[in-house]
Amino acid sequence: MTTRKRWLASWLIVTASLAPAVSMSGVVIDIDVAPPAPQVEEVPAPRSGFVWAPGYWDWRGHNHVWVQGHWIQGRQGYHWVPDHWIQRGPHWHHEVGRWEH
């Protein structure tokens, strides 16, 4: 095996071994501050092929920030579960919006 082929094979092995760790990584943040009550939003008229993702409180830095609702393209056979907060003991956990089958 030539040096170039050996280097390429080594690079591919290292890259492949790192891929699962990168793709599975994520940050989970639990906070001790309850989110404020949801803001009232006027939902626009329905749009064909789209689903309304309602607004929610996001945690940015040291306080909650309102993220306005918006249209997202629908997925056949799925429904949208909006972003929401869950209380876990004294802490609050943000569940990111997602599609469910």
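In this text, all values refer to a predicted model and were calculated from it rather than measured experimentally.

A few points about the overall build of the chain
Looking only at helices and strands, the chain features one helix and nine strands. Out of the 101 residues belonging to the chain, those deemed buried represent 22%. Sequence-distant contacts in the chain: of pairs separated by 6 or more residues, those separated by 24 or more amount to 44%. For the chain, the exposed area adds up to about 8,000 Å²; of that, 60% sits on carbon and sulfur atoms.

Observations regarding the side chain of H64
The topology assignment puts H64 in strand 4 (residues 63-67). A distance of 3.2 Å separates a polar atom in the side chain of H64 from the backbone oxygen of V33. At 3.4 Å, the side chain of H64 forms a polar contact with the backbone oxygen of A34. Setting aside its immediate chain neighbours within four residues, H64 contacts I31, V33, A34, P35, P36, W57, D58, W59 and W85.

Details of the nonpolar core
Core analysis: the biggest nonpolar cluster contains five residues, these being I31, W57, W66, W85 and W92. When sequence neighbours within four positions are dropped, the list of residues in contact with W85 reads I31, P35, W57, D58, W59, H64, W92, H93 and H94.

As for the pattern of salt bridges
A complete count under the given rule lists four salt bridges for this structure. A salt bridge links R88 to E95; the nearest nitrogen and oxygen atoms lie 3.7 Å apart. It is possible to trace a salt-bridge network through shared partners that takes in R88, E95, R98 and E100.

Comments concerning the sheet that holds strand 8 (residues 91-95)
Overall, antiparallel pairing links the three strands, which are arranged 1-8-7 in an open sheet. The strands lining the two open edges of the sheet, one partner per strand, are strand 1 (30-31) and strand 7 (84-88). In the sheet, strand 1 pairs with strand 8 via two bridges, with the strands oriented antiparallel. Looking at the pairing, D30 lines up with H93 of strand 8.

Rules used throughout
- Residues numbered from 1 in each chain as written.
- Predicted model: local features only at pLDDT ≥ 70, side-chain atom pairs only at ≥ 80, totals over all residues.
- Heavy atoms only, no water.
- Helix = DSSP H or I, 4+ residues; strand = E, 2+ residues; numbered from the N terminus.
- Buried < 20%, exposed > 50% of the residue type's maximum accessible area, 1.4 Å probe, protein only.
- Contact = heavy atoms within 4.5 Å.
- Areas by Shrake-Rupley, 256 points an atom, 1.4 Å probe, with all protein chains shown as cover.
- Polar contact = N/O pair within 3.5 Å; in protein donor to acceptor, adjacent residues only side chain to side chain.
- Core = buried A, V, L, I, M, F, W, Y, C linked by side-chain atoms within 4.5 Å.
- Salt bridge = Lys/Arg side-chain N within 4 Å of Asp/Glu carboxyl O.
- Pairing = 2+ DSSP bridges.

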